[in-house]
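Structural description and commentary
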Amino acid sequence: MRIPESVRKCVVYVGTETTDPGTGTTAIVFRGTGFLVSVPTSIRGKNFHYIVTAKHVAVMLDREDAFIISVNSKSGALRGIRAETKQVKWHCHDSDFSADVALTPLGADLRDFDIVAMPVGMFVKKSQVESIGVGPGDELVISGLFSRHPGKTKNMPIIRIGHIAMMPDDPVPTQSFGDMEAYLIEARSIGGLSGSPVLLLKHVYTHEVVVQLYLLGLVHGHWDTPSDAMTDAMGAKSGILAGVNMGIAIVTPAQKILDIIESKPLLEERDQIVRDHEAKNIPTKDNQ
């Protein structure tokens, strides 16, 4: 099935700059994927925008003085938004350490960027799992960074298709985040896809088939099979030195993103921005 272009256009790459000591030239090393989400506001024509990624990616970015958000421009050229680490506040889940998600407000003017923000109305809330009909076997799509070919002149996110393999009814043990509330999905996650949006495809049958998209969550990671556990078709050890992806990825639920967006600090921050806007736009009385 053809995937809507908006699925690719919501994605950004995040990375850090490195300098070649020999030539002095700089290059960007991409560390993961992020995506843009929008929150409605009472200000006409304005939404609040956040960049969402995995918390472990945000931690890597925080180790540098600055990081780069790589976005496509409407002119077709690649644009890099430089963010000074000291000026960036990553917001994480305040009560669930195992939630591998972080987000930060994006203050840049988006009019020049070829990017689509994902509205929070698309998120699968925990209370909606039954009403939407989310369950094992449902089809999914991942959009994100392919580190072997991110794109030379513009971001080129890849699309991977999978299915829900297990619901988050029992905590999943992880290496760095402990027991995590997570979906398991049948899809090959690879380095660079951390933080990628995972979208649920629901087919609605009326007089025609319509596909509705929901954000199920974001990629945390995957399991590898160690090389010494691998065998070839004859049962002998293969001798391959690298591990092989098991094909099962771990997904942090979208509800964890919503919890942060609806947390008190961010609610107060958005309310203050609205009040400041209203104070600057008080209508004046006509002269009498």
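Definitions and limits used
- Residues numbered from 1 in each chain as written.
- Predicted model: local features only at pLDDT ≥ 70, side-chain atom pairs only at ≥ 80, totals over all residues.
- Heavy atoms only, no water.
- Helix = DSSP H or I, 4+ residues; strand = E, 2+ residues; numbered from the N terminus.
- Buried < 20%, exposed > 50% of the residue type's maximum accessible area, 1.4 Å probe, protein only.
- Polar contact = N/O pair within 3.5 Å; in protein donor to acceptor, adjacent residues only side chain to side chain.
- Contact = heavy atoms within 4.5 Å.
- Phe/Tyr/Trp six-rings, centres within 6.5 Å; stacked < 30°, edge-to-face > 60°.
- Salt bridge = Lys/Arg side-chain N within 4 Å of Asp/Glu carboxyl O.
- Pairing = 2+ DSSP bridges.
- pLDDT = per-residue confidence, 0-100.
- Core = buried A, V, L, I, M, F, W, Y, C linked by side-chain atoms within 4.5 Å.
- Expected span 1.5 Å × (residues − 1).
- Arc of directions from axis to C-beta.

It is worth spelling out the side chain of His220 at this point. Within the secondary structure, His220 is located in strand E15 (residues 209-225). On the basis of relative accessible area, His220 is assigned to the buried category, the value being 12%. A polar contact is formed between the side chain of His220 and the side chain of Asp100, at a distance of 2.7 Å. Here His220 is in contact with His56, Asp100, Thr174, Phe177, Met180, Ser194, Ile250, Val251 and Thr252, once residues within four sequence places are set aside.

What follows deals with the packing of aromatic side chains. Overall, the coordinates contain three aromatic pairs when judged by the stated rule. Ring plane angle 25 degrees and centroid distance 5.9 Å describe the contact between Phe97 and Phe177, whose orientation is recorded as stacked. Linking Phe97 in the loop between strand E6 (91-92) and strand E7 (102-105) with Phe177 in the loop between strand E11 (172-174) and strand E12 (178-180), this pair joins segments that are 80 residues apart in sequence.

Its place among the elements puts Asp138 in the loop between helix H3 (129-132) and strand E9 (139-144). A polar contact is formed between the side chain of Asp138 and the backbone nitrogen of Gly135, at a distance of 2.9 Å. Excluding anything up to four places from it in sequence, Asp138 contacts Gly133, Gly162, His163, Ile164, Leu200 and Lys202.

Inspection of the entire model under this criterion finds nine salt bridges. Of the charged contacts, one joins Asp114 and Lys9 as a salt bridge, the two residues approaching to 3.2 Å between their closest N and O atoms. Highlighted residues: Asp114 in the loop between E7 and strand E8 (118-119) and Lys9 in helix H1 (residues 6-9), separated in sequence by 105 residues. Here Asp114 falls in the partly exposed class, since its relative accessible area comes to 29%. With a relative accessible area of 28%, Lys9 lands in the partly exposed category.

Here we come to the pairing of strand E10 (residues 158-166). Here E9 pairs with E10 via six bridges, running antiparallel. Bridge assignment links Leu140 to a residue of E10, and that residue is Gly162. Pairing of E10 with strand E13 (residues 183-186), which is carried by three bridges, proceeds in the antiparallel orientation. Note on E13: the bridge partner recorded for His163 is Glu186.

Turning our eyes to something else, we now look at the pairing of strand E1 (residues 11-19). The pairing of E1 with strand E2 (residues 26-40) spans nine bridges and is antiparallel. Residue pairing in the sheet places Thr19 in a bridge with Thr26 of E2. Hairpin connection between E1 and E2: a loop of six residues separates the two successive antiparallel strands, and Gly24 in this loop has a positive phi of roughly 80 degrees. Summarising the sheet, E1 and strand E4 (residues 66-72) pair through three bridges and their orientation is antiparallel. Each residue of the ladder has a partner; that of Gly15, found in E4, is Ile68.

As a general rule, the predicted coordinates of low-pLDDT regions are not to be interpreted in detail. The predicted model of the protein averages 86 in pLDDT, with 88% of residues at 70 or higher. Between residues 230-242, whose pLDDT stays under 50, and residues either more than four places distant or in other chains, the model counts 15 contacts.

One full turn of an α-helix is made of 3.6 residues, so residues set three or four places apart face in the same direction. Burial analysis of helix H4 (residues 254-261) places seven of its eight residues in the buried class, the great majority of the element. Buried residues of H4: Ala254, Gln255, Lys256, Ile257, Leu258, Ile260 and Ile261, and no others.

With 52 residues, the main nonpolar core has Phe35, Ile69, Met118, Phe123 and Ile257 as its most contacted residues. Among the elements that take part in this core, H4 stands out by supplying five residues, more than any other. Look past the residues within four positions of Phe123 in its chain and what remains in contact with it is Val37, Met118, Gln128, Leu215, Ala254, Ile257, Leu258 and Ile261. Judged by nonpolar contacts, the second largest core, of 19 residues, contains Val129, Ile164, Leu200 and Val251.

Compared with the 24 Å implied by 1.5 Å per residue over 17 residues, the 24 Å span of helix H5 (residues 264-280) between its first and last C-alpha is a close match. Of all the residues in H5, the buried ones are Leu266, Arg270 and Val274. Buried residues along H5 cover an arc of 75 degrees about the axis, so they all sit on one side. In H5, those exposed residues whose orientation departs by more than 90 degrees from the buried face are Lys264, Ala279 and Lys280. If you follow the buried residues of H5, they end up packed against E2, strand E3 (47-53), E6, E7 and H4.

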